[in-house]
Amino acid sequence: MSHVLFDHNRVILSHYDSYSAALVFARYGSSILATTPLPQSAAPMPAPDDATELHDPGAVLAAIVAQAGLDPAQLRLDEDFQEWMSSDSGPIRLHLVRFTTLDTPRQAIEPLGGVFKSISEMRGLPMIELNLMRQIFNLTMGG
């Protein structure tokens, strides 16, 4: 089921250290989206009226926890982040999952092939992902 979920969903993992005001994102090669980058045809879109169970945030969180062996007690799904992309295969929902640990859990994303990086270290990513990080930065710092 997780394979089908990740056809229609992507996850952005982040960590915010309130002490140092450092916001970092998990990066996997040339993308911040787990478990795979967006298709070339992806473009921002409003939320569809008929979002199905294939876009359920709880199911997506459970799938990324299972796939990467993450500790669900250290994660929080950010319900304020609501982004959708259109694609040739249908709508893709983007989910923001924040680590709640005191320190950045660098070893937690290694099974996904990830490393944590700040926005300033994200050169070379697709513009659509850079814009998503900017939205998350504004959401994090503004709220």
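Up top you'll find the structure we're talking about.
Residues numbered from 1 in each chain as written. Predicted model: local features only at pLDDT ≥ 70, side-chain atom pairs only at ≥ 80, totals over all residues. Heavy atoms only, no water.

**Q** Explain the side chain of glutamate 129 to me, please; I cannot follow it from the model alone.
**A** Within the secondary structure layout, glutamate 129 lies in helix H3 (residues 127-142). Of the side chains with opposite charge, arginine 27 lies nearest to the buried glutamate 129, which makes no salt bridge, at 7.3 Å. At 2.7 Å, the side chain of glutamate 129 and the backbone nitrogen of isoleucine 32 are in polar contact. The contacts of glutamate 129, once residues within four sequence positions are left out, are Ser30, Ser31, Ile32 and Leu33. (Helix = DSSP H or I, 4+ residues; strand = E, 2+ residues; numbered from the N terminus. Buried < 20%, exposed > 50% of the residue type's maximum accessible area, 1.4 Å probe, protein only. Lys, Arg positive; Asp, Glu negative; His and termini not counted. Salt bridge = Lys/Arg side-chain N within 4 Å of Asp/Glu carboxyl O. Polar contact = N/O pair within 3.5 Å; in protein donor to acceptor, adjacent residues only side chain to side chain. Contact = heavy atoms within 4.5 Å.)

**Q** What is the right way to look at helix H2 (residues 57-68) in this model?
**A** An α-helical turn contains 3.6 residues, so a residue and the one three or four places further along point in the same direction. Look at H2: 16 Å from first C-alpha to last across twelve residues, which is about the 16 Å you get at 1.5 Å a residue. The set of residues buried in H2 consists of Pro57, Val60, Leu61, Ala63, Ile64, Val65 and Ala68. The positive-phi residue at the C-terminal boundary of H2 is glycine 69, with phi of around 70°. (Expected span 1.5 Å × (residues − 1).)

**Q** It is not clear to me how the environment of leucine 94 should be interpreted in this structure. Could you clarify?
**A** Tracing the backbone through its elements, the reader meets leucine 94 in strand S6 (residues 92-99). Measuring from C-alpha to C-alpha, the distance between leucine 94 and asparagine 9 comes to 5.8 Å, with 85 residues separating the pair along the chain. Contacts of leucine 94, omitting those with residues within four sequence positions, involve Arg10, Leu33, Leu38, Phe81, Glu83, Met85 and Leu132.

**Q** Looking at this structure, I do not really get the pattern of salt bridges. What am I missing?
**A** Two side chains with opposite charge may pair up if their charged atoms get near one another. Within this structure, the stated rule accounts for one salt bridge. Across the pair aspartate 78 and arginine 98 runs a salt bridge, and its minimum N-O distance is 2.7 Å. In this pair, aspartate 78 is assigned in the loop between strand S4 (75-77) and strand S5 (83-86) and arginine 98 in strand S6, connecting sequence segments 20 residues apart. Accessibility assignment for this pair places aspartate 78 and arginine 98 in one class, buried.

**Q** I'm lost on the nonpolar core in this one. Help?
**A** Looking at soluble globular proteins, one finds that nonpolar side chains tend to be buried together. In terms of nonpolar packing, the biggest core is built from 23 residues, with Val11, Leu13, Leu70 and Phe99 touching the most fellow members. The element best represented in this core is H2, accounting for six residues. With 17 residues, the next largest nonpolar core counts Ile32, Leu33, Phe81 and Ile92 among its residues. (Core = buried A, V, L, I, M, F, W, Y, C linked by side-chain atoms within 4.5 Å.)

**Q** Can you help me understand the side chain of asparagine 9 in this one?
**A** Among the secondary structure elements, asparagine 9 is positioned in strand S1 (residues 9-17). Of the polar contacts made by the side chain of asparagine 9, one reaches the backbone oxygen of leucine 5; its length is 2.7 Å.

**Q** I would appreciate a short explanation of the packing of aromatic side chains in the present structure.
**A** Within a pair of aromatic rings, the relevant descriptors are the distance that separates the centres and the angle that separates the planes. Per the stated rule, a full pass over the model turns up one aromatic pair. Plain terms: the ring middles of phenylalanine 99 and phenylalanine 116 are 5.8 Å apart, the flat faces sit at 80° to each other, and that makes the pair edge-to-face. Taken as a pair, phenylalanine 99 in strand S6 and phenylalanine 116 in strand S7 (residues 115-118) lie far apart in primary sequence, 17 residues in all. (Phe/Tyr/Trp six-rings, centres within 6.5 Å; stacked < 30°, edge-to-face > 60°.)

**Q** Before we go on, may I ask you to explain the pairing of S6 in this structure?
**A** Two faces, one strand: in a regular strand the side chains alternate between the faces of the sheet. Counted residue by residue, S6 has eight buried out of eight residues, so it is predominantly covered. Neither face of S6 is open: one carries Ile92, Leu94, Leu96 and Arg98, the other Arg93, His95, Val97 and Phe99, and all of them are buried. Across seven bridges, the pairing between S1 and S6 is parallel. Bridged to valine 11 within S6 is histidine 95. As judged from the three bridges shared by S4 and S6, these two strands associate in the antiparallel manner. (Pairing = 2+ DSSP bridges.)

**Q** Help me understand the environment of glutamate 83 in this model?
**A** With respect to the element layout, glutamate 83 can be found in strand S5. Separated by 13 residues in the primary sequence, glutamate 83 and leucine 96 have C-alpha atoms spaced 9.2 Å apart. Excluding residues that lie within four positions of it along the chain, glutamate 83 makes contacts with Ile92, Arg93, Leu94, Leu132 and Gln135.

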